[in-house]
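# Topology and contacts: notes
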Amino acid sequence: MSEPVTIVETPIRLDFSYTPGVNASRFLRSIEQGRILGQRCPRCQKVYMPPRGACSMCGVATDEEVELSGKGTVTTFCVTRVPSPGLVPPYVSAWIRLDGADITSMFLIQECEPEEVRLGMRVEAVWVEESERKPNLGNIKYFRPTGEPDAPYDDYKDYV
Amino acid sequence: MSAPRTYDRPVAIVSWASFETPSEPARNEVEMLLPVLQDALGRVGMTQRDIGFTVSGSSDYLQGFPFAFVGALDAVGPWPPIRESHVEMDGAFALYEAVEVLQHGDVDTALVYAFARPSRGELDRTLSIQLDPYAVAPLWPDARGLAGLQAQAMRDSGRFGDVPDVPPTTVADGAAALVLAVGDRATALTKTPVWIRGMDHRIEPASLGVRDLTTSPSVETAAGNVGVKDVDAAWLHVLYPHQELLLRSALGLNGARVDAKAGPMMVGGLERFAAAAAGISSGGAKRAVVHATSGPCLQQNLVALLEGVA
């Protein structure tokens, strides 16, 4: 009777259906087809990937679609040496600026040693088999080095 | 009771826009909000650059998405960095913050907006999360059920005549936006500014058991502080029909024309201000009271007094 109650468990669960939105839907359908569609801001000309339908700096709708090649440049990266679900350490996550995009996106880098990954390294997307593609970014398994010469620092200095 | 507060810097609603649909099928919150913001700003020839203070009301629980209110800033365009705030409440309470900030004297304009898309979740259950997390929320009393307790208490009191049954909780998606300006800036922006003469909000205890659900002392207090009298119209935020009876009584509306509506959760209160501004600026009303509510069974209430050009 005198023991204080120190913990109360009150399980809470709510279900939602998430809607990506009109613009993100177009992007996800393009990903399903093995293409990467960004969107350009009509005011500041920045290209967003993934697009969200509005320029987060200008607050205007981004209607113009821009197809990106799937090649890009490593702007910064991290080597993880502790286990994570579904990943075998050491693995490399990198912020990659896709050619033609003005924001960076995070992907894994594989098919090289972690020690080889560096800022300015040129990389390309490796897609899952066509039959396995779904409307999500998991279609891009990882990025791998292209073997091209590194991008000059000026190309990505604003994204480091 | 002290004399109603007067504002040193009179604030007017100079523009507004709102959108509502039972269930938005494809657009996300940003896509739904963007045209509403541009409509409200565009009507008075403004852009975000002309706004001194931006504030919004919404609830991440309705979207099931942490920091959804931050993502909504994509629709605002916060660059160069803007002065911005957010309340996890109906947009009407964000409007209250904007009016206070406009009293400081360093900015003359404000943008207030609200958005919600509760059709993607289970609104009645989601609203249970706002209850006492130890003793009440684990029982999952849904919002309609709590409203039913209030309606029955009103019926039992015998003071309200026929008390209507409680219909299902209104589920609607939408957005609303208001542009505010101070003094001369307001009259330069529009020939028909709608002046906010007074505004107050009050809260009642969180525990439903200690409240008399057949009275609304928070509305009475707020209305007294604002000086609600001689109004010819009222725009009320009514989530269930029986609440209109309670509000009419607490506000002492007598012969005023009443427009009562729920609207989308977190948006409906701010939409009441947009509707009142439209009614007053068109000459349909001269002096009106606007009410907005949040929480279960009219727990929190905001009351404002609006006037058109004299």
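The structure presented is a predicted model; accordingly, all values stated were derived computationally and were not measured.

### Focus: the overall build of chain A
Helix and strand counts for chain A come out as one helix and eight strands. Along chain A, helices and strands appear, N-terminal first, in the series α-β-β-β-β-β-β-β-β. Taking 15 Å as the expected radius of gyration for a compact globule of 160 residues, we find that chain A reaches 20 Å, considerably beyond that expectation. Every one of the 160 residues in chain A was classed for burial, and the buried ones make up 25%.

### Structural notes on the confidence of the model for chain A
Mean pLDDT over chain A: 94, with 100% of residues reaching 70 or higher. Averaged pLDDT values for the elements of chain A fall to 95 in helix α1 (residues 22-32) of chain A and rise to 98 in strand β7 (residues 122-127) of chain A.

### Focus on the domain arrangement of chain B
All names here are of chain B. Domain assignment breaks chain B into domain 1 (11-121 + 170-194), domain 2 (123-157) and domain 3 (196-307). The C-alpha-based centres of domain 2 and domain 3 are spaced at 21 Å. In terms of residues, the side of domain 2 that touches domain 3 owes the most to one element, helix α6 (residues 143-157), which gives nine residues. Looking at the side of domain 2 that touches domain 3 residue by residue, the classes come out as nine nonpolar, three polar and one charged.

### Some thoughts on the sheet that holds strand β10 (residues 300-307) of chain B
Residue and element names in this part refer to chain B. Spatially, the ten strands line up as an open sheet ordered β3-β2-β4-β5-β1-β6-β10-β9-β7-β8, and their pairing is mixed. In this open sheet, the two edge strands, each paired with only one partner strand, are β3 (84-87) and β8 (257-261). Pairs of neighbouring strands in the sheet enclose a mean axial angle of 20°, with direction left out of account. For strand β7 (residues 233-237) and β8, the ladder comprises five bridges, and the chain directions are parallel. Each bridged residue has a counterpart across the sheet, and for Leu 236 the counterpart in β8 is Ala 260.

### Here we look at the domain arrangement of chain A
All names here are of chain A. Annotation of chain A at the domain level lists domain 1 (20-68) and domain 2 (69-160). Each of domain 1 and domain 2 has a C-alpha centre, and these two points are 20 Å apart. Listing elements by their share of the side of domain 1 that touches domain 2, those giving two or more residues are α1, β1 (36-40), β2 (47-48) and β3 (64-68). For the side of domain 1 that touches domain 2, the element with the most residues is α1, which contributes four residues. A class-by-class count of the residues in the side of domain 1 that touches domain 2 yields eight nonpolar, two polar and three charged.

### Topic: the environment of Pro 85 of chain A
Residues and elements named next belong to chain A. Note that Pro 85 resides in the loop between β4 (71-80) and β5 (91-98). Note on Pro 85: 4 C-beta atoms within 10 Å, which makes it exposed. Along the primary structure Pro 85 and Asp 15 are separated by 70 residues, whereas in three dimensions their C-alpha atoms are 24 Å apart.

Reading the values: rules and limits
The numbering scheme is per chain: residues are counted from 1 as the chain's sequence reads. For this description, chains carry letters from A and ligands carry numbers from 1, given in the order in which they are written. This being a predicted model, a pLDDT of at least 70 is required before a residue's local features are given, and a value of 80 or more before pairs of side-chain atoms are given or counted; all residues contribute to the totals for chains, interfaces and linings. Segments assigned H or I by DSSP are reported as helices when at least four residues long, segments assigned E as strands when at least two residues long, and all are numbered from the N terminus. Here the radius of gyration uses the C-alpha set of atoms, whereas the globule reference equals 2.2 Å times the residue count to the power 0.38. Three classes are used. A residue is buried when 20 or more other C-beta atoms lie within 10 Å of its own, exposed when 12 or fewer do, and partly exposed in between, with C-beta atoms placed from the backbone. The quantity known as pLDDT measures the predictor's confidence residue by residue, on a range of 0 to 100. What counts as a domain boundary in this text is fixed by an automatic or database domain assignment. Residues were grouped as follows: Ala, Val, Leu, Ile, Met, Phe, Trp, Tyr, Cys and Pro as nonpolar; Asp, Glu, Lys and Arg as charged; and all remaining residues, including Gly, as polar. By this definition, two strands are paired if DSSP reports at least two bridges between them. Axes here mean lines fitted to C-alpha atoms, for a helix over just the part in contact, with angles spanning 0 to 180 degrees between N-to-C directions.

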